[in-house]
Amino acid sequence: MPALGRIDLHTHSSASDGTEPPAALVREAADAGLAAVALTDHDTTAGWAEAFEAARGTGLEVLPGVELSTQLDGASVHILGYLVDPDDPPLRALMDELRSERLHRAEAMVGRIGRDYDLTWDDVLAQTSPGATVGRPHIADALVAKGYVPDRSAAFGSILHWRGGYYQPHRAPDPLVGVRLLREAGGVPVVAHPGSRGPEGLMTDARIRALVDAGLAGVEVDHRDNPPRARERWRDIAERFDLIRTGSSDYHGAGKPNRLGENTTDPEQFARIVELGTGALPFPG
Ligand code: AMP
Ligand code: FE
Ligand code: FE
Ligand code: ZN
């Protein structure tokens, strides 16, 4: 049965860089009257079990997912993977590697920031749930706790900005590798917020064709980081390559202005995802 009602397919919990534990996020989605929500933490599936448990009896459908970090021409490209098998060995190995890359990169950034500000790695750990995928948002929280900036957005606009003097990228595989792995793990790969990163023209038709051949199934058209022109372009690309079109909030809890359900996915598009994914079941299954 496709969920009827509002569907939000991109959210983050404290298992990565969201501010709310998975259970709180699910309760908020149910209270907001959503029909379905996807939990898509960066490079981890650790929040799924708690999210499923919290959804029990609420009528809210939870689509388990992950947001995989990849890189193209030095620009960060995020690939959402729905209904992946969380125990698929190659996917697990890549997620483990990405989390450890992110950890070392965050430590290196904190080392640089620590030369100019009173900030230590312990300050960042104090802002991070055990086992969480560490990112700039946790460094931002430590800077907020120290009183250097009022909130995460201010930190991203200054000290943590990629031109802020302390930025360092983390290593990540080519999107082709990410898409293939997600698909081989039974998942449904969808390019996240394609209009938000990298130079325009990063995703040429030839590159999109190669991603589709590797198993790319969809694109996140409606997302606040996609400017109107990018949405037009990606709607057209979705049509030409027969890709699933999604719309989502990319909710991160209190740390980002994105609100749950601010962009949504059509039930028919959601049904295509559920049909295609074989690595896990939505909850309730
Ligand atoms: P990183 O992946 O470590 O480079 O950090 C970027 C991540 O921070 C992305 O997933 C963003 O969605 C997230 N983020 C959370 N809060 C904010 C914010 N207020 N401004 C910008 N990015 C944010
Ligand atoms: Fe994030
Ligand atoms: Fe993302
Ligand atoms: Zn995200």
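Residues numbered from 1 in each chain as written. Chains lettered and ligands numbered in written order. Predicted model: local features only at pLDDT ≥ 70, side-chain atom pairs only at ≥ 80, totals over all residues. Heavy atoms only, no water.

A. Main features of the sheet that holds strand E1 (residues 7-8). The seven strands lie next to each other as E1-E2-E3-E4-E5-E6-E7, forming an open sheet whose pairing is mixed. Two strands in the sheet have a free side with no partner beyond their single neighbour: E1 and strand E7 (244-247). Two elements, strand E2 (residues 36-42) and strand E3 (residues 61-72), share seven bridges in a ladder whose sense is parallel. Note on E3: the bridge partner recorded for His 42 is Glu 67. (Pairing = 2+ DSSP bridges. Helix = DSSP H or I, 4+ residues; strand = E, 2+ residues; numbered from the N terminus.)

B. Summary view of the coordination of the iron ion (ligand 2). Surrounding the iron ion (ligand 2) are the protein donor atoms Asp 17 (OD), Asp 17 (OD), His 42 (NE2) and His 252 (NE2), which sit 2.0 to 2.8 Å from the metal. Each donor residue of the iron ion (ligand 2) lies on one chain, and together they are spaced D-x24-H-x209-H. Metal-to-metal, the separation of the iron ion (ligand 2) and the iron ion (ligand 3) is 5.5 Å. Residue Asp 17 is found in the loop between E1 and helix H1 (22-31), and its partner His 42 is found in strand E2; the two are separated by 25 residues along the sequence. By relative accessible area, Asp 17 is classed as buried at 7%. (Donors = N, O, S within 2.8 Å, 3.2 Å for Na, K, Ca; no water. Buried < 20%, exposed > 50% of the residue type's maximum accessible area, 1.4 Å probe, protein only.)

C. Structural detail: the site of ligand 1. Around ligand 1, the surrounding shell holds 13 residues, and the nearest of these are His 42, Arg 105, Arg 136, Ser 153 and Lys 256. With respect to ligand 1, the side chain of Arg 105 contributes an N or O atom lying 2.8 Å from an oxygen atom. The contact in question runs from an oxygen atom of ligand 1 to an N or O atom on the side chain of Lys 256, over 2.8 Å. In isolation ligand 1 has 500 Å² of accessible area, and contact with the protein removes 89% of it. For the shell around ligand 1, the secondary structure elements donating two or more residues are helix H3 (89-116), helix H5 (136-145) and helix H6 (152-156). Looking at which element gives the most residues to the shell around ligand 1, the answer is H6, with three residues. (Near = heavy atom within 4 Å. Polar contact = N/O pair within 3.5 Å; in protein donor to acceptor, adjacent residues only side chain to side chain. Areas by Shrake-Rupley, 256 points an atom, 1.4 Å probe, with all protein chains shown as cover.)

D. Molecular detail of the confidence of the model for the chain. This prediction gives the chain a mean pLDDT of 96; 97% of its residues lie at or above 70. When pLDDT is averaged over each helix and strand of the chain, the minimum, 95, is found for helix H9 (residues 228-241) and the maximum, 99, for E2. (pLDDT = per-residue confidence, 0-100.)

E. Layout of the side chain of His 193. Within the fold, His 193 resides in the loop between strand E5 (188-191) and helix H8 (205-214). Ignoring anything within four residues of it in the chain, the contact list for His 193 reads His 10, Glu 67, His 78, Glu 220, His 223, Asp 225, Asn 226 and Asp 250. (Contact = heavy atoms within 4.5 Å.)

F. Broad picture of the environment of Pro 284. Relative to the helices and strands, Pro 284 resides in the segment after helix H10 (267-276). For Pro 284, a relative accessible area of 52% gives the class exposed. Expressed as a C-alpha distance, the spacing of Pro 284 and Glu 53, which sit 231 residues apart in the sequence, is 9.8 Å. Not counting chain neighbours up to four residues away, the residues in contact with Pro 284 comprise Leu 60 and Glu 61.

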